Every structure is written in C-alpha cells, then in structure tokens.
Amino acid sequence: MLQRLPHVLKFKLGWCELTKVLFKLEDGALTETVFSEALASRGVGGGLGSRRNSSSSSLGSRYDALRSSGPGLASLPDSVGTDVAMRNTVCVSSQIGCRRMCGHCSSGGRFQRDLTASEIVGQVAAFAVDHEIGHVVFQGTGEPLDNPAVCHAAHFLATSFHKLTCTCDGVDCGPNEAQTASQPTICVSTVGSSSGIRQMSLVAPDNLSLMLSAMPDVERGEPLSELLECSDEFAARTGRPVALSYTMIEGLDTERHIDGLLAHMRGRMESHVLQLVQYHPNCDALPASSSPVRPSTPTAIRHCVARLREHGCRVGFGQYCEFPSALLA
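First, a word on what this report is: a plain description of the structure on this page. Counting restarts for each chain, with residues numbered from 1 along the sequence as it is written. Residue-level local features of this predicted model are given only where pLDDT is at least 70; pairs of side-chain atoms are given and counted only at 80 or more, and the full residue set underlies all totals for whole chains, interfaces and linings. Side-chain calculation: all heavy atoms of the structure are included, whereas hydrogens and water are not.

A word on the overall build of the protein chain
Logical step 1: The secondary structure listing takes helices from DSSP runs of H or I that are at least 4 residues long and strands from runs of E that are at least 2 residues long, numbered from the N terminus. Across its full length, the protein chain carries eight helices and 14 strands.
Logical step 2: In this scheme, a residue with accessible area under 20% of its type's maximum is buried, one over 50% is exposed, and one in between is partly exposed, where area comes from a 1.4 Å probe on protein chains only. Counting across all 329 residues of the protein chain, residues that qualify as buried make up 56%.
Logical step 3: Put simply, of all contacts in the protein chain between residues at least 6 apart along the chain, 71% involve residues at least 24 apart.
Logical step 4: Working definition of accessibility: Shrake-Rupley area with a 1.4 Å probe, residue cover restricted to the visible protein chains. Accessible surface computed for the protein chain: about 13,800 Å², of which carbon and sulfur atoms make up 51%. In this description, contact between two residues means that some pair of their heavy atoms is separated by no more than 4.5 Å.

Okay, here's the thing in structure tokens:
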C-alpha cells in the first residue's frame, strides 16, 4: 500500500517541468517518484502526449522553442526526440536508499530496503489514475538490478499495464480503459549487474529497454568491460539497442573521457546508442553548494555530441528522469 503524502515538490530541470511526490509505505518508510507531464498536456500541443502526435511538425517546433528557452541551453544538441516530451513519463524508485556509492548521486550509502514489485508498480498506478502514461523509467532512488523484484515489476508494466488498479481510501480509483489502452515503453537504467542484465534479457518484451551507465565515478561490482559484454547479449537476444548513459559533469567531459566513450562504442555502433544526460546539482532540492559536482557547460556538451557523431555514434541528449531519446530515434 502506498499513501501519497500531501507534500508535493514541483521543480524545473532545463526544459522539463517535474513533480516529485513522496509516498508513505505500509511500514512507514518513504519513497519518491518523479512525474514529467507531456508538453501537450501543458498547452504546448494538442491532447495528451501520444505516439500518434509525436511526429507533428507543429509540436516539434513548439518543443524546440521550449527546449531552447531552458537556462543556458540555447542551441544544445537537436537530438532530443519530441516523442520523449510529448508523452507523460513516470520515473520510479526501486529501493529506499541505495547500496552503491556513486560519486554524482545523493542517494548512496543510505540503503534501508528493496521495494516490493507492488510498491514499484503502485508508483505508476498513482499517476495513471489521471494521466495517460507513455514512458516508465527506472531511474529514481536505488540500483534497479540490485532488487530482484524489479524484473517482475518491469515485465508487468510492459505487458499487463491494462491490469493496473489503485485504491484510494478504500475506493477503487484505477485508471480507465482509455488511459491504459497502450502499453508504455519501459527503460531500466543501471550501473550494472551481469546476472540482472541476463535475467532481464530472458523475459524482456518488445517495449522494455536497457540503459547502462558508462560513468567512471559509479560503484560497480564488476568491470565495465564485462557488463558491456552482457549488454551485447541483451541486444542480440532482444533485437533492440542498448543505451549507454553518460552524465555531463565538469571534469568528466574531457577529450580523454570522450575517447573512452568511443572505445566503449567500438564494434557496437549498430547495437548501442549513447544517451548524454544533463547534470543538475540541485535536482533533489538540496542547495547547490552541498555538492562539489558541477554540470558541464553547454559548449562542452555540444563538443562532446559533435565528436561522438563524427565517429558515427547515435547520440541523444536529455534530462534526469526522461526516457532516453536515443532509443526512440
């Protein structure tokens, strides 16, 4: 059971207007979920965000205008697909805290417990009551593949979304048929677990994707080279590309780091894409000064994208909590 708390935090990251909601679980623990409302739902286009509307040139031009108005983001890479922004996205947590100690993340070292499959799915159900959900990303608090329940939850959301139910104060208030008519696209974002990736590849339906972090400052239990080989197996078994994510952070955006990304992509141009993510030091509503990590400049991001594309990489650029646009290109 999830009880939505009255405190709701709304904030903006670049061109994304996000709503962060705290849920109180049955044992009293708290977990957070982030909802990104489709631009079309905010008057930037017509109707709820849906795949059939995403190719509209008018929606695309309005989205480009909104994207370029973000602070310091004018003329940033043009690879952010309108499909990402035109569909509602729920970013779910998979753990309370996290066992991993990744350099640019504020959740590490505060692990309490794994969330159950029902608690994960319930985060989506709470928003599906009033919204058509286009994307679900496992990019909230916790390392998804450290939690055995994630595989089951992701599979359910990808294949049985129409069966979602939600009870509020003892009254059934589940989403209506129109809001669950189509299955959302699911992306599980991970710093890596070979066993978890292999298990996911065995059961992944067509609308479930994998995003593997290529960041050098994350805590992995296995070498990245071995995890990349597992991602090769995922791509071969499912027939879908794997996204390698890289958060754009000052000092980790040098020529040496770009060369490292190109090395990871060597021999994987057809099976993998690159998703660059803008870093926001205050995405947890903490004072920016609380973190020594700083985001890359727009110039550095543009240079990185240009170099990667020059070598034939398919590159997307997006925000925290977004579905990776590179997978929709």
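What follows continues from the structure just given.
Thoughts on the pairing of strand β14 (residues 315-318)
Logical step 1: In β14, alternate side chains face the same way, and those of V315 and F317 on one face and G316 and G318 on the other are all buried.
Logical step 2: Two strands pair if DSSP finds at least two bridges between them. Sheet topology places strand β13 (residues 272-278) next to β14; four bridges connect them, and they run parallel. Residue pairing across strands places V277 opposite G318, the latter belonging to β14.

Focus on the pairing of strand β11 (residues 208-213)
Logical step 1: Burial analysis of β11 places six of its six residues in the buried class, which makes it a mostly covered element.
Logical step 2: Neither face of β11 is open: one carries L208, L210 and L212, the other S209, M211 and S213, and all of them are buried.
Logical step 3: Relative to β11, strand β10 (residues 185-190) runs parallel, the two being bridged by five bridges. Looking at β11, one finds that C187 is bridged to S209.
Logical step 4: Pairing between β11 and strand β12 (residues 242-248): three bridges, direction parallel. By the bridge assignment, L212 is partnered in β12 with L244.
Logical step 5: Crossovers are described as right-handed under a simple rule: with the strands pointing away from the observer, the path leading from the first strand over the helix to the second runs clockwise. For the handedness criterion, the β-α-β arrangement of β11, helix α6 (residues 224-238) and β12 is classed as right-handed.

What to know about the side chain of Q139
Logical step 1: On the secondary structure map, Q139 appears in the loop between β7 (133-138) and α4 (149-159).
Logical step 2: Taking the relative accessible area as the measure of exposure, Q139 reaches 18% and is therefore buried.
Logical step 3: In this view, Q139 contacts C91, V92, S189, M211, Y320, C321 and E322; residues no more than four positions away in its chain are not counted.

Let's talk about the environment of A38
Logical step 1: In this fold, A38 is placed in the loop between β3 (30-36) and α1 (57-68).
Logical step 2: C-alpha separation for the pair A38 and R87, spaced 49 residues apart in sequence, amounts to 4.7 Å.

Some details on helix α7 (residues 255-265)
Logical step 1: Listed as buried for α7 are H257, I258, L261, L262 and M265. For α7, the angular spread of the buried residues around the axis is 145 degrees, confining them to a single face.
Logical step 2: Contacts made by the buried residues of α7 are with β12, β13 and α8 (298-310).
Logical step 3: At the exit of α7 stands G267, carrying a positive phi of roughly 80 degrees. Directions from the helix axis toward the C-beta atoms define the arc.

Overview of the pattern of salt bridges
Logical step 1: The rule for a salt bridge is simple: a side-chain nitrogen of Lys or Arg has to be within 4 Å of a carboxyl oxygen of Asp or Glu. Going through the model one piece at a time under the given rule, you end up with 10 salt bridges.
Logical step 2: With its nearest N and O atoms 3.1 Å apart, the salt bridge here joins E233 to R198. In this pair, E233 is assigned in helix α6 and R198 in helix α5 (residues 194-203), connecting sequence segments 35 residues apart.
Logical step 3: You can call R198 partly exposed: its relative accessible area is 38%.
Logical step 4: Of the charged contacts, one joins R240 and D206 as a salt bridge, the two residues approaching to 3.9 Å between their closest N and O atoms. A residue pair is termed long-range when its members are at least 10 positions apart, and R240 in the loop between α6 and β12 and D206 in the loop between α5 and β11 qualify at 34 residues.
Logical step 5: Looking at R240, the relative accessible area reads 13%, which means it is buried.
Logical step 6: With a relative accessible area of 68%, D206 lands in the exposed category.
Logical step 7: The network of salt bridges with common partners includes D27, R113 and E119.

Coordinates in, geometry out; function isn't part of it.
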